[in-house]
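So you can see what is in the structure, the chains are spelled out below.
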Amino acid sequence: VDKMAAVERTPQRRLRAEQSTLQNRNTAFGSIKPQLNVLKNRVAALSSNEVLQARKATVSDSTVLTANAAPGTAAGTYESNITQLATASRTVGASGIGANLYPSNNVSSGTLASKGFNPPTTAGTLTVDGAQITIDPAVDTLQDVFDRIDAAAPGNIQGTYSGATDTITLRRLGGGGAPLVIGSATDTSNFLSVARLSNNGTNQIDSSTSLGSITPTATLNAANFQTAISDGGAGAGEFTINGVSISFNAGADSVQNLMARINASAAGVNISYDRITDQFTLTNKVTGNLGVSLQDVTGNFLAAAGLTTGATFQAGNDLLYTVNGGSTLSSHSNTVTSDSSGIDGLAVAVLKTGVSTVTLASDSSTIKGAIKS
């Protein structure tokens, strides 16, 4: 019976074998299809202009410029002579926008910590003419510091402050003698550096610049501006830079926050503050001889920051160059395109002034690569 049943199952086994063969064939045809598609795409790439008309740009001095060419760019040799790089325009604000440390020569009131020293003075020791004194900005006035200097060198060293120039002076009384020497490697207070006092080989040392400056971390109305910041009285101050509106609240925004808002805006400028010269600078984010437009709308931030009255505009430079000895060409940026050079498909990135030759030829390596693929 088993043998008869096995004989009768023979057609079934034959059908299953044929089914397996057909499945294998189907799988094989399925694997061929994507391979044929890959071949089709690579044949199409081989016949495309991107391959057949590929161009290779070679430069004689890559420290002067780099270049790349689009397919179909006219082959040839282009000698570029770069005579001037493009730089950014900037508006340098008036210096000394911060209020003086003291309104007069009297410095006996107000602790050092409460004044507009930038950065703040720190507690510790300082050395004047070999004598070490200790100060605490949270308690001491500037007059206290002068008195301790005088006590350390009785009748010899005098410290004074000028409300007119906003500077500190240390002098050896009576003239003559050895030069006045301040500071030591063991000082722990930054008072001398904050006061911008440094040895000069004479008997008198003056602050190198005025000392009052704004405090970037403080709110606008408490940042020690010489001209009080106004936002119109409703916290809705506004000004424009290159036509882009910037809002501010004098009682809520710090100087740093407002600067960050300007830098992140679409105005196309970066603003920075120099605490030594006590001035703001606006610099275009793009190069070229382009202007900077400024206007107070509500309030007076730009005027109080010295960016309108008293500011100096420094125009940027355009890139200047010649090609094959022709007339001088220009570009706002240090990237040369067909817009300024007239050479369609050629893009050049300029790195420095000088002469470099760009040679454009057919890129055989691209064609060989396409054929191998």
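Q: I would appreciate a short explanation of the sheet that holds strand S11 (residues 244-248) in the present structure.
A: The strands making up a sheet associate through backbone hydrogen bonding, with each pair oriented either parallel or antiparallel. Here three strands make up an open sheet; going across it, the order is S11-S10-S14 and the pairing antiparallel. Each edge of the open sheet is held by one strand with a lone partner, namely S11 and strand S14 (294-298). Mean inter-strand twist for the sheet, computed between neighbouring axes without regard to direction, equals 25 degrees. In the sheet, strand S10 (residues 237-241) pairs with S14 via four bridges, with the strands oriented antiparallel. For Ile-241, the partnering residue across the bridge sits in S14 and is Leu-294. Helix-sheet contacts for helix H6 (residues 255-264) involve S10 and S11, and the interaxial angle to S11 is about 160 degrees.

Q: Would you take a moment to explain the sheet that holds strand S4 (residues 90-92) for this structure?
A: Taken together, the four strands give an open sheet; going across it, the order is S12-S13-S4-S15, and neighbouring strands pair in antiparallel fashion. Of all the strands in the sheet, the pair left with one neighbour each is strand S12 (269-274) and strand S15 (312-314). In this sheet, neighbouring strand axes are inclined to one another by 20 degrees on average, regardless of whether the strands run parallel or antiparallel. Here H6 sits on the sheet and contacts S12 and strand S13 (279-284); the angle it forms with S12, its principal contact strand, is near 155 degrees.

Q: Sorry, what's going on with the environment of Arg-261 here?
A: Checked against the element boundaries, Arg-261 lands in helix H6. Considering only alpha carbons, one finds Arg-261 and Asp-2, 259 residues apart in sequence, at a separation of 91 Å. Once residues lying within four places of it in the same chain are set aside, the contact partners of Arg-261 are Ile-246, Ser-247, Phe-248 and Asp-253.

Q: Before we go on, may I ask you to explain the pattern of salt bridges in this structure?
A: Under the defined criterion, the tally for this structure stands at three salt bridges. A salt bridge links Arg-172 to Asp-129, with the nearest nitrogen and oxygen atoms 3.0 Å apart. Within this pair, whereas Arg-172 is found in strand S8 (residues 167-172), its partner Asp-129 is found in the loop between strand S5 (124-128) and strand S6 (131-135), the two being separated by 43 residues in sequence. Take Arg-172: its relative accessible area is 13%, and that puts it in the buried class.

Cut-offs used in this document
Residues numbered from 1 in each chain as written. Predicted model: local features only at pLDDT ≥ 70, side-chain atom pairs only at ≥ 80, totals over all residues. Heavy atoms only, no water. Pairing = 2+ DSSP bridges. Helix = DSSP H or I, 4+ residues; strand = E, 2+ residues; numbered from the N terminus. Axes fitted to C-alpha atoms, helices over the stretch in contact; angles between N-to-C directions. Contact = heavy atoms within 4.5 Å. Salt bridge = Lys/Arg side-chain N within 4 Å of Asp/Glu carboxyl O. Buried < 20%, exposed > 50% of the residue type's maximum accessible area, 1.4 Å probe, protein only.

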